[in-house]
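# Commentary on secondary and tertiary structure
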Amino acid sequence: MTLYHFGNCVTLLYVPHYLTYKYANLSEYGAFWKCIQGGIIYAFTQLCKMLILATFFPANESSITTLSLSNFFKSSVDLADIAGIYVILQSIPGKGHAKVMTAGIGWAGAEILLTRFLLLWVGARGTEFDWKYTQKCLESNINLMHHIMTAALVWLWSRHDLNKIQSKCPPFVAVSILLLLSVYRSVVIDSLASWLLIDPWSIIAIKGVYTIILGLIMLKFYTRLSTLIGMY
């Protein structure tokens, strides 16, 4: 039974990433090794973030009055992810579609390999069934969408012709705001969860809705720019 549960969790975790890679037609661009390179950059970025957190945010910090502010500054370290994704995008030749999908899938693939596989191997094979491992797998699929969306936002933010898009709000400002909302997603959702005292399943649902809303807004700018520069 435990091995069956482990197999279900692994399938739920890895198959969506494989299908995304396959149906995005990245194999036509020889993107496999680019995804590997993206994973290496992800690992290096997380190492840098860990060093920053260990240096400036010691684990024994326990001030209750500054908890929310402390979490905000800790989440600010995630701005390094934008820099890491930007480096990946700059190292990938080709069209914007291939760049964005390769960076997003490489980043998400490295994340599940480094943060989920050992967790499932040790926990999901345990003697007792626990829904938390299924929840972690579902969360990783939401993170896949989130990372692809973030990669698209970084690509848009780096374009010099972004402001050619006709919009009520200046496109560069709108994309910058979306990037900040993407980076501080954990702060927004964790604050909401602690305020409403909601259960883990609801948190996953909120993360999914949050990612979809930002993704749809991002897609509006992405399609407009793609049409403007003739990229299909």
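Residues numbered from 1 in each chain as written. Predicted model: local features only at pLDDT ≥ 70, side-chain atom pairs only at ≥ 80, totals over all residues. Heavy atoms only, no water.

Looking now at the overall build of the chain. When helices and strands are tallied, the chain shows 10 helices and 0 strands. Beginning at the N terminus, the succession of helices and strands in the chain can be written as α-α-α-α-α-α-α-α-α-α. Radius of gyration (C-alpha) of the chain: 19 Å, near the 17 Å computed for a compact globule of 232 residues. C-alpha atoms of the chain, sized along the principal axes, occupy 55 × 45 × 30 Å. Summarising the internal contacts of the chain: among those between residues at least 6 apart in sequence, 79% fall at separations of at least 24. Counting every atom, the chain has about 13,200 Å² of accessible surface; 69% of that belongs to carbon and sulfur. (Helix = DSSP H or I, 4+ residues; strand = E, 2+ residues; numbered from the N terminus. Rg over C-alpha atoms; globule rule 2.2 N^0.38 Å. Contact = heavy atoms within 4.5 Å. Areas by Shrake-Rupley, 256 points an atom, 1.4 Å probe, with all protein chains shown as cover.)

Time to look at the environment of leucine 144. Tracing the chain through its elements places leucine 144 in helix α7 (residues 131–158). The sequence separation of leucine 144 and histidine 17 amounts to 127 residues, and the corresponding C-alpha distance is 7.4 Å.

Let us now look at the pattern of salt bridges. Tallying each qualifying case throughout the model produces 5 salt bridges. Salt-bridge contacts for lysine 207 lead to glutamate 139; the nearest nitrogen and oxygen are separated by 2.5 Å. With lysine 207 in helix α10 (residues 200–229) and glutamate 139 in helix α7, this residue pair connects regions lying 68 residues apart in the sequence. Each of Lys49, Asp78 and Asp81 takes part in a single network of salt bridges with overlapping partners. (Salt bridge = Lys/Arg side-chain N within 4 Å of Asp/Glu carboxyl O.)

So, on to the nonpolar core. In terms of nonpolar packing, the biggest core is built from 43 residues, with Ile105 and Leu156 touching the most fellow members. In terms of residue count, the dominant contributor to this core is α7 (9 residues). Setting aside residues up to four positions removed in sequence, isoleucine 105 forms contacts with Thr20, Tyr21, Leu26, Cys35, Leu144 and Ile148. By size, the runner-up hydrophobic cluster in this structure holds 7 residues, among which are Cys9, Leu120, Tyr133 and Cys137. (Core = buried A, V, L, I, M, F, W, Y, C linked by side-chain atoms within 4.5 Å. Buried < 20%, exposed > 50% of the residue type's maximum accessible area, 1.4 Å probe, protein only.)

Once that is clear, we can look at helix α5 (residues 96–115). The terminal C-alpha atoms of α5 lie 28 Å apart, and with 20 residues this matches the ideal 28 Å at 1.5 Å per residue to within 8%. The element α5 is largely enclosed, with a buried count of 15 among its 20 residues. (Expected span 1.5 Å × (residues − 1).)

The subject of this paragraph is the packing of aromatic side chains. Counted under the stated rule, the structure contains 5 aromatic pairs. Relative to tryptophan 107, the ring of tyrosine 42 lies with its centre 5.0 Å away and its plane at 85 degrees, an arrangement referred to as edge-to-face. With tyrosine 42 in helix α2 (residues 32–56) and tryptophan 107 in helix α5, this residue pair connects regions lying 65 residues apart in the sequence. A relative accessible area of 5% means that tyrosine 42 is categorised as buried. For tryptophan 107, a relative accessible area of 1% puts it in the buried group. (Phe/Tyr/Trp six-rings, centres within 6.5 Å; stacked < 30°, edge-to-face > 60°.)

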